[in-house]
Amino acid sequence: MKLTQRPRRNRRTEAVRQMVAETDLRPSQLVLPLFLVDGTQQKQEIASMPGIFRMSPDLILDEVARAVSLGVKSFDLFPALPESKKDRMGTEGLNPNGLMPTTLKKIRDKFPDVTLITDVALDPYSSDGHDGVVKNGLILNDETVEILAKMSVLHAKSGADIVSPSDMMDGRVGAIREALDAEGLIDTGILSYSVKYASSFYGPFREALDSAPKFGDKKTYQMDFRNTREAIREIDLDVAEGADIVMVKPALSYLDVIAKVKAHTNIPVAAYNVSGEYGLIKLGAKHGMIDETRAMVETLYSIRRAGADIIFTYFALPMAEWLQKNN
């Protein structure tokens, strides 16, 4: 039989494979999450996330400088606070002299051209460990949204380019947009965690911030992993309320959702390669089950291939290094 079609011709050499590659990934598409702690010269490794640290603002500046040198210029900030600064209303989240706003100002002063994204939710500040205000065992939606809007304004005034509500309360995008605009902060973007599932892959992150819920779970506000039509509904609501970018979280177990969201909307789509996904690769590599670098590359390209325009990942720096060497 004479073969007229031989797909292997397009795989014959590395140069040919590079020429016909369908999916590209750039360091500028990666967002590096940063965990903040108070003090100076503080660098605390997170046991379940090897190579990832909570750092004080002075060391955060060094980490940002390293990232920028590799082409990573976008950062998502998360504060890790002692229990003494937490209460049921998340009051510390509105402190203009708190860890988040003061760190934002320091980064902005030294790196005026980077993109600073801030997490907007109550769980880092709440003694209950939930993303919203708790009353009689219930998570209060509208009361929480009022606080999140104020928090967003504080972050924007402190130097955030983009505020990123991760709480999954109904109507929070619209309330945040209204609050920002009322303060003249019309250029501050909103990256909404529009499709955030109640996932088993968040464990290491909650260790990093000591933000696990003190009771129950987050299933009354985070999404059911069995649902995809609901994801489109959430996307439509957030876009109508003024979201500039939408996110799917986690990434790897929800590549199908990323693809559906990408096909459905015409605004940028982000995906979060979460702590549990990072930890599994690290653990597998530690035990000799997989090659860490190859698994990292394959994972991040799969998220990009599914349709994510932006990837939040703890692999941002090693992936940027790999991209510099291989492109």
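Quick notes on the rules
Residues numbered from 1 in each chain as written. Predicted model: local features only at pLDDT ≥ 70, side-chain atom pairs only at ≥ 80, totals over all residues. Heavy atoms only, no water. Helix = DSSP H or I, 4+ residues; strand = E, 2+ residues; numbered from the N terminus. Rg over C-alpha atoms; globule rule 2.2 N^0.38 Å. Buried < 20%, exposed > 50% of the residue type's maximum accessible area, 1.4 Å probe, protein only. Contact = heavy atoms within 4.5 Å. Areas by Shrake-Rupley, 256 points an atom, 1.4 Å probe, with all protein chains shown as cover. Core = buried A, V, L, I, M, F, W, Y, C linked by side-chain atoms within 4.5 Å. Axes fitted to C-alpha atoms, helices over the stretch in contact; angles between N-to-C directions. Parallel < 35°, antiparallel > 145°, perpendicular 65-115°, else oblique. Nonpolar A, V, L, I, M, F, W, Y, C, P; charged D, E, K, R; others polar. Polar contact = N/O pair within 3.5 Å; in protein donor to acceptor, adjacent residues only side chain to side chain. Arc of directions from axis to C-beta. Patch = residues over 30% accessible without salt bridge, like charges linked within 9 Å, V, L, I, M, F, W, Y side chains within 5 Å. Salt bridge = Lys/Arg side-chain N within 4 Å of Asp/Glu carboxyl O. Lys, Arg positive; Asp, Glu negative; His and termini not counted. Charge placed at Lys NZ, Arg CZ, Asp CG, Glu CD. Pairing = 2+ DSSP bridges. 1 Å grid on protein atoms, 1.4 Å probe; cavity = no way out; pocket = protein on both sides within 12 Å on 5 of 7 lines; lining within 4 Å. Points joined across faces, edges and corners; volume = space filled by probe spheres on them.

When helices and strands are tallied, the protein chain shows 11 helices and 12 strands. Radius of gyration (C-alpha) of the protein chain: 20 Å, near the 20 Å computed for a compact globule of 327 residues. C-alpha atoms of the protein chain, sized along the principal axes, occupy 75 × 45 × 40 Å. In the protein chain, buried positions account for 54% of the 327 residues. Considering only residue pairs separated by 6 or more positions, the protein chain has 73% of its internal contacts joining residues 24 or more positions apart. For the protein chain, the accessible area works out to roughly 15,300 Å², and carbon and sulfur atoms hold 50% of it.

What follows is about the nonpolar core. Formed by 101 residues in total, the largest nonpolar core has its most connected members in Phe75, Leu77, Ile107, Tyr272, Phe312 and Met319. Not counting residues up to four positions away in its chain, the partners in contact with Met319 are Leu25, Leu30, Met296, Val297, Leu300 and Tyr301.

Here helix α10 (residues 292-306) crosses helix α11 (residues 316-326) at 90°, and the two axes come no closer than 11 Å. It follows from the interaxial angle that α10 and α11 lie roughly perpendicular. Each of Thr293, Met296, Val297, Leu300 and Tyr301 in α10 lies in contact with α11, whose residues at this interface are Pro318, Met319, Trp322 and Leu323. By residue class, the composition of the contact of α10 with α11 is 8 nonpolar, 1 polar and no charged.

In this fold, Arg177 is placed in helix α5 (residues 172-182). Taking relative accessible area as the criterion, Arg177 reaches 13% and is therefore assigned buried. Within the structure, the side chain of Arg177 is placed 2.8 Å from the backbone oxygen of Thr188, a separation counted as a polar contact. If we ignore the near neighbours within four places in the chain, the residues touching Arg177 are Leu185, Ile186, Thr188, Gly189, Ile190, Glu241, Gly242 and Asp244.

Attention now moves to α5. Turning to α5, its buried residues number three or more, namely Arg172, Val173, Ile176, Arg177 and Leu180. Seen from one end, α5 has its buried residues packed into an arc of 130°, which puts them on one side. For α5, the exposed residues lying more than 90 degrees away from the buried face are Glu178 and Ala182. On its buried side, α5 packs onto α4 (141-158), β8 (162-165), β9 (189-196) and α7 (229-241). With its phi angle positive at about 80°, Gly184 sits one or two positions after the end of α5.

Okay, a negative patch on the surface next. Taken together, the side chains of Asp142, Glu143, Glu146 and Asp170 present a region of like negative charge at the surface. Note on placement: Glu146 falls in helix α4. Judged by its relative accessible area of 53%, Glu146 falls in the exposed class.

What follows is about the pairing of strand β1 (residues 30-36). Counting buried positions over the 7 residues of β1 gives 7, a clear majority of the element. In β1, alternate side chains face the same way, and those of Leu30, Leu32, Leu34 and Leu36 on one face and Val31, Pro33 and Phe35 on the other are all buried. In the sheet, β1 pairs with strand β12 (residues 310-313) via 2 bridges, with the strands oriented parallel. For Leu30, the partnering residue across the bridge sits in β12 and is Ile311. Relative to strand β4 (residues 74-79), β1 is paired through 6 bridges, and the arrangement is parallel. Pairing of Phe35 across the sheet is with Phe78, part of β4. The sheet contact formed by β1 and strand β3 (residues 53-55) spans 2 bridges and is parallel. Bridge assignment links Leu36 to a residue of β3, and that residue is Met55.

Here we come to a positive patch on the surface. Among the surface-exposed residues, Arg6, Arg8, Arg9 and Arg11 lie close enough to one another that they form a single positively charged patch. For Arg9, the location among the structural elements is in the segment before α1 (14-20).

Take empty space enclosed by the protein next. Across all of its chains, the model carries 2 cavities of 30 Å³ or more by this definition. Taken as a whole, the largest cavity holds about 110 Å³ of empty space. Lining the largest cavity we find 15 residues, and of these Asp123, Lys196, Phe205, Lys218 and Lys249 sit closest to its centre. For the lining of the largest cavity, the secondary-structure elements that each account for two or more residues are β9 and α6 (203-209). For the lining of the largest cavity, the class distribution of residues is 6 nonpolar, 2 polar and 7 charged. Along the walls of the second largest cavity sit Leu81, Glu92, Gly93, Asn95, Gly98, Leu99, Met100, Pro101 and Tyr125, which together make up its complete lining. Looking at the lining of the second largest cavity, its residues break down into 5 nonpolar, 3 polar and 1 charged.

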